[in-house]
Amino acid sequence: MEGSTSGRHSTVAEQAELEVGVPGGAVPPDAGNRPPTKAVEGSSTWSLLDRLGLAFCWFLGLLFCAIAVSIVVFLLIQGIQYLKVSQLTTPAAAGFTEGESGGFSDAFIGTLILGAMGITLALPIGVAIAVWLVEYGRPRALARVTELTIEAIAGIPSIVLALFGTVIFTSTALSFLSRSNEGVVFGRSFFAASSMLALEALPLIVASTREGLNAIPRHVREASYAVGKTKAATTRRILLPTARPQIATGGMLGLGRIIGDTAIILVLLGATQNFSPVEGAPFPLNYLRGAGTSLTNFVYEASPTGNLNQPQKAYAAAFVLLLLVLGLNAATDLVHRRAKRVGTWSH
Amino acid sequence: MEEELQSEYGPKWSDQRVERMLGALVLAMVALLLALIVTVFINGWPSFAHNGLSWFGPGGSPDDQLSEVAQSAEGGAGYVYTFHAWPLIWSTFLICVGSVLLGLVTALFISVFLIEFAPTWMSNILRPVVRFLASVPSVIYGLLGVLVLVPFIGNHLISEPQKASVAGIISLTGYSLMAAVIILTIMIAPLMVSIFTDALSSVKAGWLEGSLALGVNRWRTIWKIGVRAARPAIVAGTVLALARAIGESVMLAMISGSTAFAPNPADGLIFIYEPSRPLAPTIVKSIDQLSSPPAKATLFAIAAFLLFSAAMFSLAGWATRRSMAKYGAA
């Protein structure tokens, strides 16, 4: 069980775990019901230095709150000011002023496509790896190596993943995944970007799913074997449904990572602010094989340091992006709260 | 039901087959990682081979060198690989160490506050806030940095005499070490807080109670007993944050100033206002030159350097955590 708090990316899962009580015996059982020391001693008897320290704690805590509030409020004000519904329905166009150059509908849709494709790729693979690690995990050496691999993937800078992607997806063997011209493979497509983004989301999903599976007591599995179920059937019918909240949490954390990434999209997808479908391919494939854009890419290019330099529209797109992230956060919270109410094994 | 039984007991989902399928997937993942490492190093090798150890050393401007390298593909006179990355490495070092140190102090105090001192209403606010700050996309931090923090630093913090004093060398506009460090701290501190609070909350209650029973006040108890017991997790969290900071590219590409300049602390405090550019943003900025083979080798060499250092830090953190899990303290 020592790996139940593995990946450094399982931030939210671990945070929420604090409230539930960390499963798997990683925490001494009495950690949760520490006596209510707060009522016992106030800070009035402390020395000045200790009190200054506590004041510094309060200052930093309030500073964090202030930063978060000011980010949200600032983007809200800018968003209300500059965001128009028409921007979400009109694609970007060439133009000299912010009024002429259209909206960012392609970027918005691109983000949705990337999120959907990335998560459909990452979720099954991540869950499968977690199941293997927790339920099978033989030989031990391979399990150790796999843990290391997942940890290493989590630690790879996304720009390095992006460069690796350029090597894979410009190979002629994979030319069917992007545009190719006279034998030269372009290598930028939704397929290329979303598969590398899936790699980025994978460690989060694995870590969260492992936590969920580790939290299920041994006797549940034994009861299932006792009535004659195979290991595979137990996993599918008992373990995965029980760990569903954690899997969902991991998926949403991964989705957040996919939506928020810029470096991979810049290298493996961007190049335009519009879809550029490949000619001669059937409908969804022609768009997915072509280059495109996403909200993060649009914000990057529209910021004063980018190529477009349209700060107003950058604010508007950033506001939409922030709303997506906030929505995801709220959904993650909801899943956790519901899991707590319904009562999973992690109690 | 009949069908379900079939599928559960039938040969299709037999245990051995499932185990083999999952095992194959896991092996594929391991192979993919190995392929990534090998690919990055092989592609970057020409740049290392031509420069030797001077790749890491100073000498000339990496910007000029990079554009020369990129253009040498068209000249026909053979590829040029000369590249001395020191200003970029130095900038990476300054920004990462600065923000990790700042983040360490911040995260420690906030974690202690969250675990021990914050009233319930406060921790109910602060926990989601920390989670939120960790989940804001880096490009939004970059945008806010460019449009809010950078102009503020440029217009209000840097005085005119300071600008004039370095006018011949570099122009101070607000794109600076300071802006980069501040924003990077906000990005990595939440990560550290989540690891630290985990560790602090799993310190055995009896240890803390023992200290309290001896008459030590709560503030000193949590620092002398709690934080000390959680030290390995604190080291691990710091190292992981360092790995994250090294890999940050987009936000830094936007606000670090994008000139390969090495700010010199010996110049006095003015160096925190000077622009620079770390390694990862260099790749982002030069990504269009990927079609030229020598430039590609140079960029992959940078990526290999990043990969190596980030992996080393991640592994160090993982090993620390793992070794302490034995004692139940992490």
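Residues numbered from 1 in each chain as written. Chains lettered and ligands numbered in written order. Predicted model: local features only at pLDDT ≥ 70, side-chain atom pairs only at ≥ 80, totals over all residues.

The next subject is the overall build of chain B. Assigned secondary structure in chain B consists of 14 helices and 0 strands. Principal axes of the C-alpha set define a box for chain B whose edges measure 70 × 65 × 35 Å. Looking at chain B as a whole, 52% of its 330 residues qualify as buried. Relative to all contacts within chain B whose residues are 6 or more apart in sequence, the contacts with residues 24 or more apart total 79%. (Helix = DSSP H or I, 4+ residues; strand = E, 2+ residues; numbered from the N terminus. Buried ≥ 20, exposed ≤ 12 C-beta atoms within 10 Å, placed from the backbone. Contact = placed C-beta atoms within 7 Å.)

Further remarks concern the overall build of chain A. What chain A contains, in helices and strands, is 14 helices and 2 strands. Relative to its 347 residues, chain A shows a buried fraction of 50%. Pairs at least 24 apart in sequence give 73% of the contacts found in chain A among residues at least 6 apart.

Residues and elements named next belong to chain A. Confidence in the prediction of chain A, expressed as mean pLDDT, is 83, and 86% of residues score 70 or more. Of all the helices and strands in chain A, helix α1 (residues 11–20) carries the lowest mean pLDDT, 42, while helix α4 (residues 105–136) carries the highest, 94. Confidence drops under a pLDDT of 50 for residues 1–29, and excluding neighbours within four residues, the segment shows 76 contacts in the predicted structure. (pLDDT = per-residue confidence, 0-100.)

Attention shifts here to the interface of chain B and chain A. Taken together, the contact pairs 82 residues of chain B with 76 residues of chain A. Per element, the largest residue contribution to the side of chain B that touches chain A is 14 residues, and it comes from helix α2 (residues 15–51) of chain B. Among the residues making up the side of chain B that touches chain A, the classes are represented as 58 nonpolar, 15 polar and 9 charged. (Nonpolar A, V, L, I, M, F, W, Y, C, P; charged D, E, K, R; others polar.)

Cis geometry marks the peptide bond from R138 of chain A to P139 of chain A; its omega dihedral reads -10 degrees. Residue position: P139 of chain A is located in the loop between α4 and α5 (140–155).

Residue and element names in this part refer to chain B. Taken N-terminus to C-terminus, the directions of helix α4 (residues 86–117) and helix α8 (residues 177–201) make an angle of 40 degrees; their axes are 6 Å apart at the nearest point. Our classification of the angle between α4 and α8 gives oblique. For the pair α4 and α8, the sense of crossing is right-handed. Classifying every residue of the contact of α4 with α8 gives 21 nonpolar, 8 polar and no charged. (Axes fitted to C-alpha atoms, helices over the stretch in contact; angles between N-to-C directions. Parallel < 35°, antiparallel > 145°, perpendicular 65-115°, else oblique. Left-handed = near helix turned anticlockwise from the far one by under 90°.)

Our focus in this paragraph is the packing of helix α9 (residues 205–213) of chain B against helix α10 (residues 218–229) of chain B. All names here are of chain B. It is the contact of α9 with α10, at a shortest axis distance of 9 Å, that shows an interaxial angle of 145 degrees. Considering how the two elements wind past one another, α9 and α10 form a crossing that is right-handed. Side by side, α9 and α10 meet where W207, L208, S211 and L212 of the first sit next to R218, T221, K224, I225, G226 and A229 of the second.

This part takes up the nonpolar core. Counting 197 residues, the largest nonpolar core has L163, V299, A317 and A318 of chain A together with F196 and A303 of chain B as its most contacted members. At 18 residues, the largest contribution of residues to this core is made by α8 of chain B. Residues in contact with F196 of chain B, not counting those within four places in the same chain, are A107, L108, S111, A230, A233, I234 and G237 of chain B. (Core = buried A, V, L, I, M, F, W, Y, C linked by C-beta atoms within 7 Å.)

A word on the environment of A73 of chain B. Residues and elements named next belong to chain B. Secondary-structure assignment places A73 in helix α3 (residues 62–75). Each C-alpha atom, one on A73 and one on A295, is 8.4 Å from the other, the two residues being 222 residues apart in sequence. Ignoring any residue separated from it by four or fewer positions in sequence, one finds A73 in contact with Y79, S292, P293 and P294.

In this model, chain B carries a mean pLDDT of 87, and residues with pLDDT of at least 70 account for 94%. Predicted complex metrics record ipTM = 0.87 and pTM = 0.86.

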